[in-house]
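An overview of the molecular structure
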Amino acid sequence: PLGATPHATGIGELDRVLGGGLVPGSVTLLGGEPGVGKSTLLLQLLAGWGGKALYVTAEESAQQVRLRAERLGAVRPDLWLYAETSLPAVLQAVADTGPSLVVVDSIQTVADPALGSAPGSVTQVRECAHQLVAVAKRTGVPVVLVGHVTKEGSLAGPRVLEHVVDTVLAFEGDRHHALRTVRAVKHRFGPTTELGLFEMLGEGLTGVPDPGALLLGDRRPDAAGSVVAAAVEGHRPLTVEVQALTTKGTEGVPSGRTAQGLDRNRLSMLLAVLQQHAHVPTGSHDVYASTAGGLRLTEPGLDLAVCLAVASSIGGGAFGADVVVFGEV
């Protein structure tokens with residue numbers, strides 16, 4: 001029977017997002033862009049899992065996974081590795097090994113030959129996921145599915161996957177930055193407000209207990225267009241640098257309005273407020289706003305920081321190192 005008591009993964013930041021760990025019989029979908037570190041995170045999870053575990057690699061070869069596991073120190077006698085794309089063979093391997101955790105990397109490359117359609121098609125992904133969910137519910141074994149996302153951030157393949165599984169985790173980060181974030185987009189066993197933070201190092205992903213030290217480590221307090229903002233994600237307070245670069249548009253007409261880590265529509269509204277009520281000439285400037293470190297935030301309390309960063313960039317004045325702002329506009 002499906003129990004509600006979670007089994008800790010041993011990774012503090014992941015347990016924070018999951019509300020304690022993986023619930024027996026639950027199915028979790030981990031989504032993220034290729035190369036962001038999904039396989040690394042899951043190998044670290046498997047390395048610390050207390051019991052027999054099965055890792056089905058349907059994309060990389062067994063040799064590739066073995067090399068990564070050796071680098072991460074994830075090789076242990078109870079961790080079984082199976083390179084296979086055929087769903088019946090995967091289900092047979094689950095029955096033969098009797099694991100207490102199953103990871104399938106990725107669901108978009110697993111296929112059931114009986115269906116006849118190509119791997120990754122709507123029919124294949126939906127039916128393969130349904131059968132793996134049925135196994136999880138019948139045996140009480142938690143299953144983790146890996147799914148790739150498109151550049152727009154939506155889950156590649158049919159959205160029906162999100163309805164089939166119990167939990168959807170979004171693993172995000174810019175591959176040019178060390179920071180990685182984990183959020184629960186959907187979670188039947190707890191809140192979806194918590195944020196997990198990781199730093200990608202040579203030895204793998206490590207939790208970030210003090211985000212401020214990482215996010216503000218390279219800040220130049222004498223630079224115009226830079227403001228430190230306070231935000232809250234779940235139960236975690238964050239201090240983050242909001243940056244803005246402005247340039248005069250050609251013939252006074254702006255051609256660029258770009259936001260990274262911030263909502264672009266929100267940025268457009270804030271620029272209109274600055275123009276109309278604070279008399280800051282945003283209408284004649286191209287504006288490029290971002291949060292430092294590649295962190296994506298939806299906190300409305302960042303509004304004031306965005307406004308002040310834009311005004312600072314246009315006016316040329318800098319804020320001191322001891323100034324922190326927050327407030328909705």
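For clarity, every value in this text was computed on a predicted model and none was experimentally measured.

Moving on: the sheet that holds strand E10 (residues 226–233). Spatial ordering of the open sheet is given by E12-E13-E11-E10-E14, a layout of 5 strands whose pairing is mixed. Each having just a single partner strand, strand E12 (257–260) and strand E14 (324–325) make up the two edges of the open sheet. Two elements, E10 and strand E11 (residues 236–248), share 8 bridges in a ladder whose sense is antiparallel. Residue pairing for E11: Glu 233 is matched across the bridge by Arg 236. Where helix H8 (residues 264–277) meets the sheet, its contacts fall on E12 and strand E13 (285–291), and the angle it forms with E12 comes to roughly 130°. In the packing of helix H9 (residues 303–315) onto the sheet, the strands contacted are E10, E11, E13 and E14, and the crossing angle to E11 comes to about 35°.

Right, let's talk about the pattern of salt bridges for a bit. Applying the stated criterion across every chain, the model contains 13 salt bridges. With its nearest N and O atoms 2.8 Å apart, the salt bridge here joins Arg 66 to Glu 70. With Arg 66 and Glu 70 both in helix H3 (residues 62–72), this residue pair falls 4 residues apart, about one helical turn. When its relative accessible area of 41% is taken as the criterion, Arg 66 is described as partly exposed. The partner of Asp 303 in a salt bridge is Arg 266, with the nearest N and O atoms 2.5 Å apart. Taken together, the positions of Asp 303 in helix H9 and Arg 266 in helix H8 put the pair 37 residues apart, joining distant regions of the chain. For Asp 303, a relative accessible area of 3% puts it in the buried group. Residue classification places Arg 266 among the partly exposed residues on the basis of a relative accessible area of 30%. Overlapping salt bridges, with partners in common, bring together Glu 172, Arg 183, Glu 233 and Arg 296 in one network.

Calculation criteria
- Every chain begins its residue count from 1, and numbering advances along the sequence as written.
- Local features in this predicted model are restricted to residues of pLDDT 70 or higher, and side-chain atom pairs are both shown and tallied only at a pLDDT of 80 or more, whereas totals for entire chains, interfaces and linings draw on every residue.
- As a rule here, side-chain values come from all non-hydrogen atoms in the structure, and water together with hydrogens is ignored.
- For two strands to count as paired, DSSP must find a minimum of two bridges between them.
- Labels follow the DSSP assignment, with helices taken as runs of H or I lasting at least four residues and strands as runs of E lasting at least two, numbered in each case from the N terminus.
- Residue contacts are defined here by distance: any two heavy atoms, one from each residue, within 4.5 Å place the two residues in contact.
- Every axis corresponds to a line fitted to the C-alpha atoms, with the helix fit spanning only the stretch in contact, and the corresponding angles, defined between N-to-C directions, vary from 0 to 180 degrees.
- What counts as a salt bridge is simple: a side-chain nitrogen of Lys or Arg found within 4 Å of a carboxyl oxygen of Asp or Glu.
- For each residue, the accessible area found with a 1.4 Å probe, counting protein chains only, is set against the maximum for its type, and the residue is called buried under 20%, exposed over 50%, and partly exposed in between.

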